[in-house]
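Residues per chain, in single letters:
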Amino acid sequence: MTVYNHEYWMAKAIQLAKKGRYTTHPNPRVGCVLVKDQQIIGQGFHVKAGEGHAEVNALADANQDAVGATAYVTLEPCSHQGKTPPCADALIKAGVARVVYGMQDPNPEVSGNGLAKIKKAGIEIIGPVLEAECEALNPGFIKRMREGLPYVRVKLAMSMDGRTAMESGESQWITDTAARLDVQRLRAQSDAIVTGIGSVLADNPSMTVRIDNNDQEADPKSVRQPIRVVMDTALSVLPEAKILYPTNQAWVFSVEEEVEEEHLALLTKKGVTVRFAPRGLDGRLDLLDAMEQLADAGINEVLLEAGAELAGGFLEAGLIDEIVVYMAPKLLGSSARPLFKLPLEEMDEAVELTLKSVRQVGQDVRLVYVPKYL
Ligand code: AOF
Ligand code: ZN
């Protein structure tokens, strides 16, 4: 009999967890396999908040009793009564002999308590196993739990000479269809899409997720629409702007002193959520405060789709966790617009980045960077 190691089974649990990429919000993506005599006897993943957790789904899937089995879970089993009962109790009751976990749950309600409960019941605990891979499943959930902030990805499309639009602002279409499809998936896995009033006034985008029926990865039926958020200091968004529809999923951040009462009443009446943020040190809307408000509302992952000004503001505020840039095989010339507006003069002020991945998407190249200020 081939004996597989813990990493082998945990990798299976990770594959299962990934199936929840587009649906678990605001909960984490979690996978679980139950193994007995080197065979999977049950498997499950968390699909949707309010429904069964991964462990409970794996126990329900088991083709025999789980007495003496090893449970591999990508996240520490929960110990609390949330929308569903504690998974630690379910595993104890099922009689598993061992629990191998991928990472501790950063949720303060759990955070070690699940493991302690299981250990107290005389069950062996092993872990963390493949911790970095398990953490990579939930960058947003983890950041929100640990820091009270969402994980922010900025998506940019640029020419080979690093330009995002012509001087006039004309920007459609720099990248090809394959890259645009990839962006739809990035949107679908996000809880909020954030943009600036500049882009709204210039392009009137809808910023909704449009997943094709033939998409190999994301099922258009289960994909939920992220909320759309406009950073709009003076509340100048027009009530008919496409981004506000449907209005129950649209948010606008403004600075209270700048807002005209009547306009605020009109938008609120339509069902748009208008939130206030204080003025930051530079006199503009405090982006950190706005991001804290989004995290408080359960937003794990933010996709920032903005012009150079707002993208630069996020970068300067230290709020960007990841830069996803699609580079098209085009040259737009020296008068065209850059990716980030940053007031830098000297080489030693340069924002250093770490390259995380490179992939060809159609004729474009997708580059993922992490700013080094993190
Ligand atoms: C697990 N397995 O599959 C998930 C866990 O409100 P509830 O009952 O859905 O609980 C949500 C919390 O449970 C969530 O914040 C996280 O701490 C944990 N999620 N735990 O053992 C799962 N989804
Ligand atoms: Zn649970």
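All residue numbers here refer to positions counted from 1 along the written sequence of the relevant chain. Key to labels: chains lettered from A, ligands numbered from 1, both in the order written. Where local features are concerned, this predicted model is filtered to residues with pLDDT of at least 70; where side-chain atom pairs are given and counted, the filter is 80 or more; whole-chain, interface and lining totals use all residues. Excluded from the side-chain calculation are hydrogens and water; included are all heavy atoms of the structure.

### Quick look at the site of ligand 1
Here a residue counts as near a molecule or strand whenever at least one of its heavy atoms sits within 4 Å of it. Taken together, 19 residues surround ligand 1, and among them H53, A54, E55, K83 and D105 come closest. Polar contacts, as used here, are pairs of N or O atoms within 3.5 Å; protein pairs need one atom able to donate a hydrogen and one able to accept it. Residues neighboring in sequence count only if both atoms are side-chain atoms. N27 has a polar side-chain atom sitting 3.0 Å from an oxygen atom of ligand 1. Coverage of ligand 1 by the protein chains reaches 96% of its 510 Å² of free accessible surface. Per-class residue counts for the shell around ligand 1 are eight nonpolar, seven polar and four charged. Note on areas: Shrake-Rupley with a 1.4 Å probe; residue coverage comes only from the protein chains shown. Each residue is assigned to one class: nonpolar for Ala, Val, Leu, Ile, Met, Phe, Trp, Tyr, Cys and Pro, charged for Asp, Glu, Lys and Arg, and polar for all the others, Gly among them.

### Let's talk about the pattern of salt bridges
Between Lys or Arg on one side and Asp or Glu on the other, a salt bridge is scored when a side-chain nitrogen of the former is within 4 Å of a carboxyl oxygen of the latter. In the structure shown here, the tally under the stated rule is 18 salt bridges. Here E301 ties to R29 by a salt bridge, and the two come within 2.7 Å at their closest N and O atoms. Note that E301 is positioned in strand β11 (residues 301-304) and R29 in the loop between α1 (6-18) and β1 (31-36), a separation of 272 residues in sequence. Judged by relative accessible area, which is 9%, R29 ranks as buried. The partner of E258 in a salt bridge is R279, and the shortest N-O contact between them spans 2.6 Å. Here E258, found in the loop between β9 (250-254) and α9 (261-270), pairs with R279, found in the loop between β10 (273-276) and α10 (287-296); they are 21 residues apart in sequence, far enough to count as distant. Classification of R279 by relative accessible area gives partly exposed; the value is 36%. Three or more residues are tied together by salt bridges with common partners; here these are R29, R153, E301, E322 and K356. Under the DSSP-based scheme used, a helix requires at least four consecutive residues in state H or I and a strand at least two consecutive residues in state E, with every element numbered from the N terminus. Three exposure classes are used, based on accessible area relative to the maximum for each residue type with a 1.4 Å probe and protein chains only: buried under 20%, partly exposed in between, and exposed over 50%.

### Overview of the sheet that holds strand β12 (residues 322-328)
The strands making up a sheet associate through backbone hydrogen bonding, with each pair oriented either parallel or antiparallel. Here, any two strands with at least 2 DSSP bridges between them count as paired. The strand order across the open sheet built from nine strands is β10-β9-β8-β7-β11-β6-β12-β14-β13, with neighbouring strands paired in mixed fashion. With one partner strand each, in any of the chains shown, β10 and β13 (353-361) form the two edges of the open sheet. Adjacent strand axes in the sheet meet at a mean angle of 25° when their direction is disregarded. Looking at chain direction, strand β8 (residues 227-231) and β9 are connected through four bridges and run parallel. Within the sheet, the bridge partner assigned to V229 lies in β9 and is W251. Sitting on the sheet, helix α6 (residues 139-147) is in contact with β6 (151-159) and β11, with an inclination near 135° to β6. In this analysis an axis means a line fitted to C-alpha atoms, helices contributing only their contacting stretch, and an angle means the value between N-to-C directions, from 0 to 180 degrees. Any two residues whose heavy atoms approach within 4.5 Å at even a single point are treated as in contact.

### Describing α1
Given a helix with a known number of residues, its expected span is that number minus one, times 1.5 Å. Look at α1: 18 Å from first C-alpha to last across 13 residues, which is about the 18 Å you get at 1.5 Å a residue. Looking at the buried residues of α1, the elements they touch are β1, β2 (39-45), β3 (70-73), β4 (98-101) and α5 (131-136).

### Considering the packing of helix α2 (residues 54-61) against helix α3 (residues 87-94)
The geometry of α2 relative to α3 is characterised by a closest axis approach of 9 Å and an angle of 30° between their N-to-C directions. Between α2 and α3, the interaxial angle falls into the category roughly parallel. The element α2 and its partner α3 pack so that their crossing is left-handed. Two secondary-structure elements touch here, α2 through E55, V56 and L59 and α3 through C87, A90, L91 and A94. Here the residues of the contact of α2 with α3 sort into six nonpolar, no polar and one charged. Here the word oblique covers every angle except those under 35 degrees (roughly parallel), over 145 (roughly antiparallel) and from 65 to 115 (roughly perpendicular). Helix crossings get a hand from a simple test, with the near helix turned counterclockwise from the far one by less than a right angle marking a left-handed crossing and a clockwise turn marking a right-handed one.

### Considerations on the environment of P128
If you trace the backbone, P128 turns up in the loop between β5 (124-126) and α5. The partly exposed category is assigned to P128, whose relative accessible area is 41%. Through-space distance from the C-alpha of P128 to that of Q104 is 7.4 Å; in sequence the pair is 24 residues apart. Contact partners of P128, with chain neighbours within four places excluded, come to Y101, G102 and M103.

### Overview of a negative patch on the surface
Patch building starts from residues that exceed 30% relative accessible area and form no salt bridge, then joins like charges within 9 Å and nonpolar side chains (Val, Leu, Ile, Met, Phe, Trp, Tyr) within 5 Å. Working convention for charge: Lys and Arg count positive, Asp and Glu count negative, and His plus the chain ends are omitted. Here the site of a charge means atom NZ of a Lys, CZ of an Arg, CG of an Asp or CD of a Glu. Together, E256, E257, E260, E261 and E262 give the surface a local cluster of negative charge. Along the chain, E257 turns up in the loop between β9 and α9. On the basis of relative accessible area, E257 is assigned to the exposed category, the value being 63%.

### Observations regarding the coordination of the zinc ion (ligand 2)
Six octahedral donors at a metal ideally form angles of 90 or 180 degrees, and four tetrahedral donors ideally form angles of 109.5 degrees. The coordination sphere of the zinc ion (ligand 2) contains the protein donors H53 (ND1), C78 (SG) and C87 (SG), at a distance range of 1.9 to 2.2 Å. Because no water is among the atoms considered, metal sites can look incomplete, with donors defined as N, O and S atoms within 2.8 Å of the metal, or 3.2 Å for Na, K and Ca. Each donor residue of the zinc ion (ligand 2) lies on one chain, and together they are spaced H-x24-C-x8-C. You can see H53 sitting in the loop between β2 and α2 and its partner C78 sitting in the loop between β3 and α3, a full 25 residues away along the chain. Accessibility assignment for this pair places H53 and C78 in one class, buried.

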